[in-house]
Amino acid sequence: MYKYDQYDHAMVRARVEDFRDQTRRRLAGQMTDDQFKPLRLKNGLYLQLHAYMLRVAIPYGTLNSTQMRKLAHIARTYDRGYGHFTTRQNLQYHWIKLEDAPDILGELAEVEMHAIQTSGESIRNISADHYAGAAADEIMDPRPWAETIRQMTTFMPEFSYLPRKFKIAVIAAEADRAALRWHDFALRIVRNEAGEVGFQVFAGGGMGRTPFIAYEIREFLPTGQILSYLQAVLRVWNRHARRDNIHKQRMKILVHELGQEEFSRQVEEEHQHFLALGEDFPQAEYDRIAAYFAPPAFETGLPDEIDRSDPDFAVWLDQQLAPHKAPGYAIVNISLKPIQGIGGDITADQMDVVADLAERYSFDELRVAHTQNLVLPHVRKADLYAVWETLRDAGLADANLDLVTDIIACPGLDYCTLANARSIPVAQKIADRFADPQRQRDLGELKIKISGCINACGHHHAGHIGVLGVDRKGTESYQLLLGGSGDEETSQAKITGPGFDEDGIVDAIERAVERYREVREPGERFLDTYRRVGMEGFKEAIYG
Amino acid sequence: MKILTGNDLKNGRVVWWDGQGWSIHVEDAADVGDQADAILAREDAACRVNGGYAIEAEPDPAGRGVRPAHIKDRIRAYGPTVRPDLTLKPADPNAGTWVI
């Protein structure tokens, strides 16, 4: 993974000291809240319902054990013993004191971490396939490109005062595990017919109040032109952006108002201008960054056979593993979705356990998935039983990856100032209703995603089953959506009809799921059946 | 009745105006009548509270002090409903019901 050089260290330390001084001045009354707020937000510090919330950036979801132990230390020392992994592969602490925030950022800087660009009108933490560097189906590791773009754009003035936030994702496989087309700007690394590596480029995606799926705007972009192309995209957006209307500032609005063809035309025109300036980064700079992502020294000749004689272990194996590119290795998914737990939450002690496992069994690497789970990317199959035993003892061995209880849920009204309704209790009730492991496996892949407001941090637009919490005259109400997806066949979920109360939404989901069981054809997932049958076939079951 | 709430500037804790200063217990909240803007301006200038605002509330029919009208403020007063151990009343089995 990327290692800070002298310049990086100096830059992040200087940023911490800047914020220390800004905080001191605010506490001394030398700055108003209006003056201080944009400064703290640029350092990931929000004010939420119960305290300040610090959002720590985890670039493309990659961590090492030292960083994870530092996150555990911060949770114990400055928060209440836990953290919450988000759908942007970041980590949030919900009980932070302003007077501690500079020290926390200083501690993060010690392990090459920060909270820059986790808020504000900037390029947010760039996300990537959480199996990057390990997946059997990728054509290359996409993280060097994510890192290159991160370095090119961080603190660059043209990318620092954008009309609105801007989200980028990078993947390198046909399978989309990063919700690519729900991003403002998304790159899929591909090979053309000549065997050259380039980017398939998408633009204009996003969830929130006005959801749009990104269009493809370039079938093949040579990798060396990415900076000039990104500048061209942002130039077009900056030129037309509705800075006068917060609800129309996101780039997705512009892309869909101009249309795929016209937006692409204007970008291509601008791109020619930027290309002529010759400011794209040199190949040597990419090579420097890519060297940090060289694959670990995988052993050869390892067996692929796994002793499955422990039945509980066998169940976990069948659900939590993904194919690794190296023979004898597997990708291990760690569920953070225990029944009755809080999705994405992890205690400081559990963080330490996972850090130890990464250090001992996974070349010191960890990944955060946008699904609010963790990944050990490089585990020898011969070590899987030992890994599972440790996870089991730490309460981290649930076998529910991509099943009905592997629910994405935002913090909702239990923590968030923007929320209209609670998300977590609904997720817990749904998980409790479908807790029977046999029933979960019988239902197969079924992705439920819950947001507590229209900002859609819980990705409800992309849920096979989505739930949106709304405020109905001071009472929590929940809308049900069906048919969304964030994979390579991206689709936007549609609202079924009138909303439900907290218990009613659980019953409605169960009725939809039972309808699926009744009408599914062999091999069909819930989403496949929905796409074949359509909304009407489900509405009747849901509303009677 | 109208009461004032905000977050303590230094530590972010939810606080309620009790007539003299800021309390972490909503039960202490005082009816500010038409003085909300004046109190908030003074307290903001003194850097004691962040993001202060006035809300509607009513005396709690169960005799537990003051109950904010909106669920968001009741959750602020109590803590996250999904983590009773982190609330101000971790041992009170009825506290969650008060919120909802």
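Calculation rules
- Residues numbered from 1 in each chain as written.
- Chains lettered and ligands numbered in written order.
- Predicted model: local features only at pLDDT ≥ 70, side-chain atom pairs only at ≥ 80, totals over all residues.
- Helix = DSSP H or I, 4+ residues; strand = E, 2+ residues; numbered from the N terminus.
- Rg over C-alpha atoms; globule rule 2.2 N^0.38 Å.
- Buried ≥ 20, exposed ≤ 12 C-beta atoms within 10 Å, placed from the backbone.
- Contact = placed C-beta atoms within 7 Å.
- Pairing = 2+ DSSP bridges.
- Axes fitted to C-alpha atoms, helices over the stretch in contact; angles between N-to-C directions.
- Domains from an automatic or database assignment.
- Nonpolar A, V, L, I, M, F, W, Y, C, P; charged D, E, K, R; others polar.
- Core = buried A, V, L, I, M, F, W, Y, C linked by C-beta atoms within 7 Å.
- pLDDT = per-residue confidence, 0-100.

Trainee: Explain the overall build of chain B to me, please; I cannot follow it from the model alone.
Mentor: Across its full length, chain B carries 3 helices and 5 strands. Taking 13 Å as the expected radius of gyration for a compact globule of 100 residues, we find that chain B reaches 13 Å, a close match to that expectation. Taken along the three principal axes of its C-alpha coordinates, chain B extends 40 × 30 × 20 Å. The burial tally for chain B puts 30% of its 100 residues in the buried class. A fraction of 45% describes how many contacts in chain B between residues 6 or more apart in sequence connect residues 24 or more apart.

Trainee: Is there a simple way to explain the overall build of chain A in this structure?
Mentor: Within chain A one finds 18 helices and 20 strands. The dimensions of chain A, computed from C-alpha atoms along their principal axes, are 60 × 60 × 55 Å. The 544 residues of chain A split such that 52% are buried. Looking at chain A alone, contacts between residues at least 24 apart form 67% of all its contacts between residues at least 6 apart.

Trainee: Looking at this structure, how should I read the environment of G484 of chain A?
Mentor: All names here are of chain A. With respect to the helices and strands, the residue G484 is situated in the loop between β19 (475–482) and β20 (494–495). Sequence-wise, G484 and E389 are 95 residues apart; in three dimensions their C-alpha atoms are separated by 35 Å. Beyond its immediate stretch of four places on either side in the chain, G484 contacts H461, A462, G463, H464, G466, S491, Q492 and A493.

Trainee: Would you mind showing me how to read the sheet that holds strand β4 (residues 49–59) of chain B here?
Mentor: Strands in a sheet are paired, the pairing made by backbone hydrogen bonds, and the direction either parallel or antiparallel. All names here are of chain B. Taken in spatial order, the 5 strands of this open sheet run β3-β2-β1-β4-β5, and their pairing is antiparallel. Two strands bound the open sheet, and with one partner strand each, they are β3 (22–23) and β5 (66–68). Sheet topology note: the β4/β5 ladder contains 3 bridges and is antiparallel. Counterpart to E58 in the pairing with β5 is R67. Most of the contacts of helix α1 (residues 36–45) go to β4, to which it runs at about 150 degrees, and overall it touches β1 (2–8), β2 (14–17) and β4. On top of the sheet, helix α2 (residues 71–78) reaches β1, β2, β4 and β5; it is set at about 130 degrees to β5, its chief contact.

Trainee: I tried to follow unusual backbone geometry on my own but got confused; where do I start?
Mentor: For residues besides glycine, phi is generally negative; the peptide bonds are generally trans as well. Residues and elements named next belong to chain A. In this structure, E112 takes a positive phi of about 65 degrees despite not being glycine. In this structure, E112 sits in the loop between α4 (101–110) and β6 (127–128). Positive phi, normally seen in glycine, also occurs at Q372, with a value near 70 degrees. In this structure, Q372 sits in the loop between β14 (365–368) and β15 (374–380). What makes Q372 buried here is the crowd of 25 C-beta atoms within 10 Å.

Trainee: Sorry, what's going on with the domain arrangement of chain A here?
Mentor: Many analyses report the size of an interface as the accessible area lost when the parts associate. Annotation of chain A at the domain level lists domain 1 (6–110), domain 2 (142–291), domain 3 (311–393) and domain 4 (408–543). Look at where the C-alpha atoms of domain 2 of chain A and domain 3 of chain A centre, and you get two points 32 Å apart.

Trainee: Can you help me understand the pairing of strand β5 (residues 91–96) of chain A in this one?
Mentor: The two faces of a sheet get side chains in turn, since along a regular strand they alternate between them. Residues and elements named next belong to chain A. Judged by how many residues are buried, β5 sits mostly within the fold: 6 of 6 residues are covered. Of the pairings in the sheet, the one linking strand β2 (residues 52–56) to β5 comprises 4 bridges and is antiparallel in character. The residue bridging Y52 from the neighbouring strand is I96, located in β5. Two elements, strand β4 (residues 82–85) and β5, share 2 bridges in a ladder whose sense is antiparallel. Bridged to H84 within β5 is Q92. Between β4 and the antiparallel strand that follows it, β5, lie 5 residues; Q89 among them carries a positive phi value of about 65 degrees.

Trainee: Sorry if this is basic, but what is going on with the interface of chain B and chain A here?
Mentor: Listed by partner, the interface residues are 20 residues for chain B and 22 residues for chain A. No other element matches the 4 residues that α2 of chain B contributes to the side of chain B that touches chain A. When grouped by side-chain class, the residues that make up the side of chain B that touches chain A number 8 nonpolar, 8 polar and 4 charged.

Trainee: Even after reading the chapter, I still don't get the nonpolar core, so can you show me in this structure?
Mentor: Nonpolar side chains in soluble globular proteins generally cluster together in the buried interior. Counting residues in hydrophobic clusters, the biggest one holds 176 residues, and the most contacted among them are Y52, L54, A203, V233 and V354 of chain A. At 8 residues, helix α7 (residues 226–240) of chain A tops the list of elements feeding residues into this core. Look past the residues within four positions of Y52 of chain A in its chain and what remains in contact with it is L45, Y46, L47, I96, K97, L98 and A101 of chain A together with G12 of chain B.

Trainee: Explain the pairing of strand β8 (residues 185–191) of chain A here, please?
Mentor: Residues and elements named next belong to chain A. Within β8, 5 of the 7 residues are buried, leaving the element largely enclosed by the surrounding structure. Pairing geometry for β8 and strand β9 (residues 197–203), over 7 bridges, is antiparallel. Along β9, the bridge assignment pairs R188 with Q200. Taken together, β8 and the strand that follows it, β9, pair antiparallel across an intervening segment of 5 residues, in which G195 is found at a positive phi of about 85 degrees.

Trainee: Whenever I open this one, the sheet that holds strand β16 (residues 408–409) of chain A confuses me. Can you help?
Mentor: All names here are of chain A. In space, the 5 strands of this open sheet follow the order β16-β17-β18-β19-β20, with mixed pairing throughout. Of all strands in the sheet, those bounded by a partner on one side alone are β16 and β20. In the sheet, strand β18 (residues 465–472) pairs with β19 via 8 bridges, with the strands oriented antiparallel. By the bridge assignment, D471 is partnered in β19 with E476. Strand contacts of helix α16 (residues 502–519): β18 and β19, with the helix running at about 15 degrees to β19, the strand carrying the most contacts.

Trainee: Sorry if this is basic, but what is going on with the environment of I246 of chain A here?
Mentor: Residues and elements named next belong to chain A. Within the element layout of this structure, I246 appears in the loop between α7 and α8 (251–258). With 11 C-beta atoms packed within 10 Å, I246 lands in the exposed category. For I246 and N373, which are 127 residues apart along the polypeptide, the C-alpha to C-alpha distance reads 32 Å.

Trainee: For this particular structure, what's the right way to read α1 of chain B?
Mentor: Spacing of three or four residues puts side chains on the same side of an α-helix, whose turn is 3.6 residues. With 1 of 10 residues buried, α1 of chain B lies mostly on the surface of the structure. Of the residues trailing α1 of chain B, C47 of chain B is marked for its positive phi of about 60 degrees.

Trainee: Help me out: how do you make sense of the confidence of the model for chain B in this one?
Mentor: Where the model shows low pLDDT, its predicted coordinates should not be examined in detail. In this model, chain B carries an average pLDDT of 92, and 100% of its residues clear a pLDDT of 70 or more. For this predicted complex, the interface score ipTM comes out at 0.95, while the overall pTM is 0.96.

Trainee: What should I look at first to understand the environment of K325 of chain A in this one?
Mentor: Residue and element names in this part refer to chain A. You can see K325 is positioned in the loop between β11 (321–323) and β12 (329–334). On a C-alpha basis, the gap between K325 and I542 in space is 43 Å, while along the polypeptide they are 217 residues apart. Setting aside residues no more than four positions away along its own chain, K325 makes contact with A134, A135 and A136.

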